[in-house]
Amino acid sequence: MNVDRWRVWALAGIGAMLLMLTGVGLWRQHMYDTDGFTILALVQGAFYLMAVALTWRGGLPRHALIAVLAVAALMRIAVLLAPPYLSDDINRYVWDGRVEAAGINPYRYIPADPHLAALRDERIFPNVNRSDYAPTIYPPVAEYIFFLGTRVRESLTAMKATLLAFELAGVLLLLRLLDDCRLPPERILIYAWHPLTLWEFAGSGHVDAAVVTFLALALWSRRREAAWLTGSALAAAALVKFFPAVLFPALYRRWDWKMPVAAAATVILAYAPFIGAGSTVLGFLPGYLQEEGLQNGTGFFLWNLLTSVAPREHLGPALYLALAAATLVALAIHSLVTAGGRYLASTMALAVASMVLLSPHYPWYFAWIVPLICFTPRPSVLYLTLACPLLYFVPGGGDLEGARMAFEWAIYGPFAALVAFELWRQRSAGNGVSWNQGAA
């Protein structure tokens with residue numbers, strides 16, 4: 001048996017194991033065993049890493065790619081049909097879509113407001129989180145997606161199916177980009193078999209799946225030097241979840257005015273139908289930042305780490321935010337000056353840095369990084385995205401930093417060690433390549 005055939009058979013065996021573990025994960029969810037499920041997701045990650053190792057250098061026959069996509073589809077179909085377990089956010093999606101369909105601005109009222117009493121039901125409304133004090137937090141493009149999903153049917157499964165349709169479009173765009181970059185198409189496995197994207201998108205139906213779609217479109221457009229589309233797609237991604245806004249310097253071509261104009265126009269047009277909400281058009285975002293401890297600093301892992309060795313009165317949250325902003329600005333300047341054809345690697349550096357500095361309390365916040373790994377081989381980022389389900393061992397919130405620190409150490413400690421090893425290896429090679437360089 002030649003090496004490539006052996007790799008195909010090994011890949012088939014791992015795919016079968018991942019399908020089986022997906023079934024076990026659904027069973028643990030049915031048993032309401034979050035800890036057992038989290039351990040299962042980590043085990044899935046170990047098998048996933050074996051599959052990544054088998055496919056990274058390519059060279060597999062075409063039917064291997066078909067098998068990769070088939071396994072990804074089967075896992076998602078099984079999880080799609082199960083009720084959401086890890087998060088109840090999708091209930092807010094359906095609620096917001098219903099509110100919009102009634103011609104009401106979702107930024108104006110909390111779900112429990114008497115103005116919306118006629119829209120309440122027995123299935124969705126009782127499960128909307130923060131219903132008695134928080135208007136929607138989601139940006140306008142996310143709201144359009146919620147409206148679209150509920151026009152199919154006002155159900156959780158229909159909303160998940162809508163977001164999986166966006167994810168499918170993202171996968172197709174990633175395949176096109178892999179082809180344009182002359183990279184092995186089998187690398188789509190890095191995204192399609194990743195446990196995080198499986199459970200958070202097909203399972204919980206998080207709207208971050210649409211971020212992947214618009215991000216993939218922005219990356220593909222940047223490759224084709226379509227500045228108008230790049231700007232609009234990146235703005236759309238940021239108007240689903242705000243994080244991708246940090247990628248602007250990586251995708252921007254110096255002295256180009258089309259991309260920023262397209263991005264600004266997209267933002268204005270997206271917000272225009274909701275402008276009647278006035279100053280509340282950002283919804284619950286300010287309250288959410290306070291709720292998660294991001295205003296007083298207690299929600300940041302690195303801030304908690306620094307204040308464990310230095311008095312908090314000497315290192316306030318404002319100073320940490322300034323240092324974090326300075327770090328991102330430095331990376332942005334480096335991207336603008338040196339990125340050139342290395343925009344994919346610069347995108348990875350900015351995305352990962354922003355997430356590590358923010359240290360989200362929920363695993364799905366890391367999912368939008370996963371497609372970038374298809375183009376930039378970073379074991380550290382693979383580990384980061386595979387280890388983040390450890391956060392499920394501790395509920396979110398800014399007042400739980402003591403209980404959460406041990407698990408965050410398990411996430412960010414090995415990640416930092418791997419980054420240090422990668423930098424040392426590059427320096428030892430003497431090629432002058434920095435961490436944020438890689439695939440073009």
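Residues numbered from 1 in each chain as written. Predicted model: local features only at pLDDT ≥ 70, side-chain atom pairs only at ≥ 80, totals over all residues. Heavy atoms only, no water.

## Details of the overall build of the chain
Argument step 1. Helix and strand content of the chain: 19 helices and zero strands.
Argument step 2. Against the compact-globule benchmark of 22 Å for 440 residues, the chain has a radius of gyration of 21 Å, which places it among compact chains.
Argument step 3. With respect to the three principal axes, the spread of C-alpha positions in the chain is 70 × 50 × 45 Å.
Argument step 4. A total of 440 residues make up the chain; the buried ones form 55% of that total.
Argument step 5. A fraction of 76% describes how many contacts in the chain between residues 6 or more apart in sequence connect residues 24 or more apart. (Helix = DSSP H or I, 4+ residues; strand = E, 2+ residues; numbered from the N terminus. Rg over C-alpha atoms; globule rule 2.2 N^0.38 Å. Buried < 20%, exposed > 50% of the residue type's maximum accessible area, 1.4 Å probe, protein only. Contact = heavy atoms within 4.5 Å.)

## What to know about the pattern of salt bridges
Between side chains of opposite charge, a pair can form when the charged atoms approach closely.
Argument step 1. Under the definition given, this model contains ten salt bridges.
Argument step 2. A salt bridge links Asp 33 to Arg 28; the nearest nitrogen and oxygen atoms lie 2.4 Å apart.
Argument step 3. Look at Arg 28 and you get buried, because its relative accessible area is 18%.
Argument step 4. Salt-bridge contacts for Glu 167 lead to Arg 76; the nearest nitrogen and oxygen are separated by 3.0 Å. (Salt bridge = Lys/Arg side-chain N within 4 Å of Asp/Glu carboxyl O.)

## Structural notes on a nonpolar patch on the surface
Argument step 1. Taken together, the side chains of Met 20, Val 24, Trp 27 and Met 31 define a hydrophobic patch exposed on the protein surface, amounting to about 400 Å² of accessible area.
Argument step 2. Here Met 31 shows up in the loop between α1 (3-30) and α2 (34-55). (Patch = residues over 30% accessible without salt bridge, like charges linked within 9 Å, V, L, I, M, F, W, Y side chains within 5 Å. Areas by Shrake-Rupley, 256 points an atom, 1.4 Å probe, with all protein chains shown as cover.)

## Observations concerning unusual backbone geometry
Of all residues except glycine, most have a negative phi; of all peptide bonds, most are trans.
Argument step 1. Despite not being glycine, Glu 225 has its phi angle at roughly 60 degrees, a positive value.
Argument step 2. Among the secondary structure elements, Glu 225 is positioned in the loop between α9 (208-223) and α10 (227-238).
Argument step 3. Owing to a relative accessible area of 56%, Glu 225 belongs among the exposed residues under this scheme.
Argument step 4. One non-glycine residue, Trp 255, adopts positive backbone phi at about 70 degrees.

## Points about helix α8 (residues 195-203)
Argument step 1. For α8, the tally of buried residues reaches nine of nine residues, placing the bulk of the element in the interior.
Argument step 2. For α8, the full list of buried residues reads Pro 195, Leu 196, Thr 197, Leu 198, Trp 199, Glu 200, Phe 201, Ala 202 and Gly 203.
Argument step 3. Following α8 by one or two positions, Gly 205 has its phi on the positive side, about 70 degrees.

## Structural notes on the environment of Leu 251
Argument step 1. Here Leu 251 lies in helix α11 (residues 248-251).
Argument step 2. For Leu 251, a relative accessible area of 1% translates into the label buried.
Argument step 3. Sequence-wise, Leu 251 and Ala 218 are 33 residues apart; in three dimensions their C-alpha atoms are separated by 8.1 Å.
Argument step 4. Residues contacting Leu 251, with those up to four places away along its chain left out, are Ala 218, Leu 219, Arg 222, Thr 230, Leu 234, Met 259, Tyr 343 and Thr 347.

## A word on the packing of α10 against helix α12 (residues 258-271)
Argument step 1. Across the interface, α10 lies against α12 with an axial gap of 7 Å and an inter-helix angle of 40 degrees. Judged by the inter-axis angle, α10 sits oblique to α12. Both α10 and α12 take part in a crossing whose hand is right-handed. Residues Ala 227, Trp 228, Thr 230, Gly 231, Ser 232, Leu 234, Ala 235 and Ala 236 of α10 lie in contact with α12, whose contacting residues are Lys 258, Met 259, Val 261, Ala 262, Ala 263, Thr 266 and Val 267. (Axes fitted to C-alpha atoms, helices over the stretch in contact; angles between N-to-C directions. Parallel < 35°, antiparallel > 145°, perpendicular 65-115°, else oblique. Left-handed = near helix turned anticlockwise from the far one by under 90°.)

## Structural notes on the confidence of the model for the chain
Argument step 1. Looking at the chain, the pLDDT average stands at 91 and 93% of residues meet or exceed 70.
Argument step 2. When mean pLDDT is compared element by element in the chain, α10 scores highest at 98, while helix α13 (residues 285-291) scores lowest at 83.
Argument step 3. With pLDDT under 50 throughout, residues 432-437 is counted as low confidence; its partners more than four residues away or in other chains account for 22 contacts. (pLDDT = per-residue confidence, 0-100.)

## Here's the deal with the state of the cysteines
Note on terminology: a disulfide is the covalent bond linking the sulfur atoms of two cysteines.
Argument step 1. Enumeration according to the criterion identifies zero disulfides in this entry.
Argument step 2. Looking at the unpaired Cys 388, the closest cysteine sulfur is the one in Cys 374, lying at 16 Å.
Argument step 3. Overall, Cys 388 belongs to the buried group, its relative accessible area being 0%. (Disulfide = S-S within 2.5 Å.)

## Some thoughts on the packing of aromatic side chains
Each pair of aromatic rings is reported with the distance of its centres and the angle of its planes.
Argument step 1. Under the counting rule described, the total for this entry stands at 21 aromatic pairs.
Argument step 2. Here Phe 393 and Phe 407 contribute two aromatic rings whose centre-to-centre distance is 5.3 Å and whose plane-to-plane angle is 20 degrees, an arrangement assigned as stacked. Linking Phe 393 in the loop between α18 (379-387) and α19 (401-429) with Phe 407 in helix α19, this pair joins segments that are 14 residues apart in sequence.
Argument step 3. For Phe 393, a relative accessible area of 26% gives the class partly exposed.
Argument step 4. Linked through ring pairs, Phe 243, Tyr 362, Trp 364 and Tyr 365 together constitute an aromatic cluster.
Argument step 5. Lying across the ring of Trp 56, Arg 187 places its NZ or CZ 3.5 Å from the centre.
Argument step 6. Directly above the aromatic system of Tyr 365 lies the positively charged group of Lys 241, at a separation of 4.7 Å from the ring centroid. (Phe/Tyr/Trp six-rings, centres within 6.5 Å; stacked < 30°, edge-to-face > 60°. Lys NZ or Arg CZ within 6 Å of the ring centre and 35° of its normal.)

## A few points about the environment of Thr 162
Argument step 1. Checked against the element boundaries, Thr 162 lands in helix α6 (residues 156-180).
Argument step 2. Separated by 45 residues in the primary sequence, Thr 162 and Val 207 have C-alpha atoms spaced 9.6 Å apart.
Argument step 3. For Thr 162, the residues in contact, after removing those within four places along its chain, are Gly 149 and Val 152.
Argument step 4. At 2.9 Å, the side chain of Thr 162 and the backbone oxygen of Ala 158 are in polar contact. (Polar contact = N/O pair within 3.5 Å; in protein donor to acceptor, adjacent residues only side chain to side chain.)

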